Amino acid sequence: MSYINWDQSFSVGVKTLDNQHKHLFAIINQLYDAYESKKSIEVIAEIFDQVLEYTLAHFSIEEQYMLHYRYDDYNEHKALHQNLAAKAKELAEKIHDGDLEAVAQAHLFLKGWLEKHIKKVDLQYAEHIRATKAQKDKIA
Ligand SMILES: [Fe+2]
Ligand SMILES: [Fe+2]
């Protein structure tokens with residue numbers, strides 16, 4: 001069973017970034033499945049590392065898009081990414097130490113991130129990119 005599903009309400013209107021978000025949903029669902037089916041903490045830690053690695057790559061690409069489109073709230077958005085990354089790294093360490101409680105926390109944290117960060121914060125730059133593109137089309 002899926003823990004969380006991507007639907008159009010998560011779309012930021014940029015295909016590359018939507019695809020990355022979808023991939024994140026997929027790895028987070030894998031993590032949830034592994035936890036639900038009582039896989040070993042080593043297996044869970046490995047999947048969590050994939051979530052972390054992919055997240056860091058995604059944040060960096062998202063930040064490049066924001067710079068490219070001269071997004072005003074770039075610094076604030078980047079700071080939020082840094083907070084999320086720090087929290088995820090902290091959880092990764094605990095999971096690697098065998099802390100099962102941290103796995104449960106990780107699910108709530110990841111779900112909250114997807115729901116709140118994408119829907120509130122990412123959708124704001126999406127609006128900006130859309131407006132900038134529309135402006136460019138008008139000039140062209
Ligand atoms: Fe994002
Ligand atoms: Fe973001």
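Residues numbered from 1 in each chain as written. Chains lettered and ligands numbered in written order. Predicted model: local features only at pLDDT ≥ 70, side-chain atom pairs only at ≥ 80, totals over all residues. Heavy atoms only, no water.

Some details on the coordination of the iron ion (ligand 1)
Link 1 in the chain: Protein ligation of the iron ion (ligand 1) involves His21 (NE2), His58 (NE2), Glu62 (OE) and Asp122 (OD), the donor distances falling in the range 2.1 to 2.2 Å.
Link 2 in the chain: Geometry at the iron ion (ligand 1) is irregular, judged from the four donor atoms that bind it and their angles of 82 to 169° at the metal.
Link 3 in the chain: Mapped onto the sequence, the donors of the iron ion (ligand 1) take the spacing H-x36-H-x3-E-x59-D.
Link 4 in the chain: Between the iron ion (ligand 1) and the iron ion (ligand 2), the interatomic distance is 3.6 Å, and glutamate 62 donates to each metal, bridging them. Of the two residues, histidine 21 sits in helix α1 (residues 15-36) while aspartate 122 sits in helix α4 (residues 100-139), which places them 101 residues apart along the sequence. In terms of burial, histidine 21 and aspartate 122 fall into one category: buried. (Donors = N, O, S within 2.8 Å, 3.2 Å for Na, K, Ca; no water. Tetrahedral: all angles 85-135°; square planar, octahedral: opposite > 155°, others 65-115°. Helix = DSSP H or I, 4+ residues; strand = E, 2+ residues; numbered from the N terminus. Buried < 20%, exposed > 50% of the residue type's maximum accessible area, 1.4 Å probe, protein only.)

As for the nonpolar core
Link 1 in the chain: Residues Ile28, Phe48, Ile95, Leu110, Trp113 and Leu114 are the most contacted members of the largest nonpolar core, which totals 31 residues.
Link 2 in the chain: Per-element accounting of this core gives the leading share, eight residues, to α4.
Link 3 in the chain: Every residue in contact with leucine 114, bar those within four places of it in the chain, is listed here: Ile4, Phe10, Phe25, Ile28 and Lys119.
Link 4 in the chain: Among the nonpolar cores identified, the runner-up in size contains ten residues, and Leu17, Tyr69, Tyr125 and Ile129 belong to it. (Core = buried A, V, L, I, M, F, W, Y, C linked by side-chain atoms within 4.5 Å. Contact = heavy atoms within 4.5 Å.)

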